[in-house]
Amino acid sequence: MGEAIVFTSGKGGVGKTTTIANIGAGLSQLDKKVVMLDADMGLRNLDVVMGMEDRITYNLFDVLENHCRLNQALIRDRKYPNLYMIPASLKYRDVTEYEERLLALIRELKKEFDYCLIDCPAGIDDGFHFAISAADRAMVITTPHVSAVRDAGRVLYLLESSHIKTIDLLINQMNRRMIRRHNMLSQKDIEDVLDMNSFGIIPVDEHIVIGQNKGMLVMDKKTVAQKAFREICNHIINPDVISLSIPETKTQIRKSHSIFHRKECDYAG
């Protein structure tokens, strides 16, 4: 039986879709059969990042509403034969009544795939609750920006209040030079603010931006981001593997810890 992992964030623009695409490719390179579900209804970006936008016939809603068979909606990646995707619908719909159907679909997929990776829309509205409803595990992605970390704290609180037992933190777009100059939150800063250790660190890498614009991933390139994604994939498969850590000094921004600390009283409203 496979595992369903939802990738989520409070703030948009933190690189969530790019992260799930590269982790999906990395897991497939480790002989794991992987399917990625784009649950960001109305926008749909995972197919663009994967370079699959011209191969879409059916989408996730078509499957949930039985307008097509599951294998008709599954798109197999030409470069990574163990990697599949089900795209989101470009038409936004109310998803509140589809949670049970999504759960049934994920149960079916977990019989065939080792990992089902769910790309969650940003924010904490109905789309968020829909995407996390069938997940066994959650990966919260943030960047070293105060607003992104604050929003990640909100998402972490909501996830801790849900049925999901395993919740991990990924920090994206870390910049050593800015950290040394005390212009960016460090890994330790973010971990202290959110009161949890990070599962993996993804450094800033221009190859990610180049790949996004060309519908290509960084998993076949020898870059710092590729190394980070590989370590995260190994860590997902084997939690005993030590994850990537970037040596840093604490920044003065840590003084605002009390503002962002994740407490129920902060998020109850």
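Residues numbered from 1 in each chain as written. Predicted model: local features only at pLDDT ≥ 70, side-chain atom pairs only at ≥ 80, totals over all residues. Heavy atoms only, no water.

Engineer: Could you give an account of the pattern of salt bridges, naming the residues involved and the relevant values?
Structural biologist: For the structure on display, the rule yields seven salt bridges. Close ionic contact of E3 with R137 constitutes a salt bridge, the shortest N to O distance being 3.6 Å. Residue E3 is located in strand β1 (residues 3–8), and its partner R137 is located in strand β6 (residues 137–142); the two are separated by 134 residues in the primary sequence. The closest approach of N and O atoms between K188 and D192, which form a salt bridge, is 2.9 Å. (Salt bridge = Lys/Arg side-chain N within 4 Å of Asp/Glu carboxyl O. Helix = DSSP H or I, 4+ residues; strand = E, 2+ residues; numbered from the N terminus.)

Engineer: I'd like a description of the sheet that holds strand β8 (residues 200–203), backed by residues and values.
Structural biologist: Taken together, eight strands build an open sheet; the order of strands is β3-β4-β2-β5-β1-β6-β7-β8 and the sheet is mixed. Only two strands of the sheet have a single neighbouring strand rather than two, namely β3 (75–76) and β8. This element, helix α5 (residues 99–112), spans β1, β2 (34–38), β4 (83–86) and β5 (115–119) of the sheet and lies at about 165° to β2. Contacts from helix α9 (residues 187–194) reach β6, β7 (166–174) and β8 within the one sheet, and its direction differs from that of β7 by about 145°. (Pairing = 2+ DSSP bridges. Contact = heavy atoms within 4.5 Å. Axes fitted to C-alpha atoms, helices over the stretch in contact; angles between N-to-C directions.)

Engineer: Quick one: what's the story with α5, residue by residue and with numbers?
Structural biologist: In a regular helix each residue adds 1.5 Å, so 14 residues correspond to 20 Å; α5 covers 21 Å between its end C-alpha atoms and thus fits that length. L102, L105, I106, L109 and K110 are the residues of α5 that are buried. Down the axis of α5, the smallest arc covering the buried residues is 140°, so these residues share one side. Pointing more than 90 degrees away from the buried face of α5 are the exposed residues E100, R107 and K111. (Expected span 1.5 Å × (residues − 1). Buried < 20%, exposed > 50% of the residue type's maximum accessible area, 1.4 Å probe, protein only. Arc of directions from axis to C-beta.)

Engineer: Break down helix α1 (residues 16–29) for me, with residues and values.
Structural biologist: Along its 14 residues, α1 runs 20 Å from first to last C-alpha, staying within 8% of the 20 Å computed at 1.5 Å per residue. Burial within α1 is extensive, with 13 of its 14 residues counted as buried. Of the residues flanking the end of α1, it is D31, one or two places downstream, whose phi is positive at about 65°.

Engineer: I'd like a rundown of the environment of Y58, residues and numbers included.
Structural biologist: With respect to the helices and strands, the residue Y58 is situated in the loop between α2 (46–49) and α3 (60–64). The exposure class of Y58 is partly exposed, given its relative accessible area of 26%. Considering only alpha carbons, one finds Y58 and C68, 10 residues apart in sequence, at a separation of 7.3 Å. Not counting residues within four places of it along the chain, the set of residues in contact with Y58 comprises H67, C68, Q72, A73 and P87.

Engineer: Can you tell me about the packing of aromatic side chains, naming the residues and giving the values?
Structural biologist: Applying the stated rule across the entire model yields two aromatic pairs. Aromatic side chains F61 and Y98 sit 4.8 Å apart centroid to centroid with 85° between the ring planes, which places their arrangement in the edge-to-face category. Of this pair, F61 sits in helix α3 while Y98 sits in the loop between β4 and α5, placing them 37 residues apart in sequence. Across this residue pair, the class does not change: F61 and Y98 are buried. Ring geometry for Y84 and F113: centres 5.4 Å apart, planes at 75°, overall edge-to-face. Of this pair, Y84 sits in strand β4 while F113 is found in the loop between α5 and β5, placing the two residues 29 residues apart along the sequence. Note on Y84: relative accessible area 13%, which makes it buried. Since its relative accessible area comes to 2%, F113 is described here as buried. (Phe/Tyr/Trp six-rings, centres within 6.5 Å; stacked < 30°, edge-to-face > 60°.)

Engineer: If you had to explain the packing of helix α7 (residues 146–160) against α9 to someone new, which residues and values would you point to?
Structural biologist: Where α7 meets α9, the closest approach of the two axes is 10 Å, and the angle between their N-to-C directions is 40°. As the angle between them shows, α7 and α9 are arranged oblique. Between α7 and α9 the crossing geometry is right-handed. Across from V149, A152, G153 and L156 in α7, the residues of α9 making contact are I190, V193 and L194. (Parallel < 35°, antiparallel > 145°, perpendicular 65-115°, else oblique. Left-handed = near helix turned anticlockwise from the far one by under 90°.)

Engineer: I'd like a rundown of the pairing of β4, residues and numbers included.
Structural biologist: Residues L83 and M85 point to one face of β4 and Y84 and I86 to the other, with burial holding for every one of them. The sheet contact formed by β2 and β4 spans four bridges and is parallel. When the bridges of β4 are listed, L37 appears paired with I86. Sheet topology places β3 next to β4; two bridges connect them, and they run antiparallel. Across the sheet, the residue bridging to I75 is M85, located in β4.

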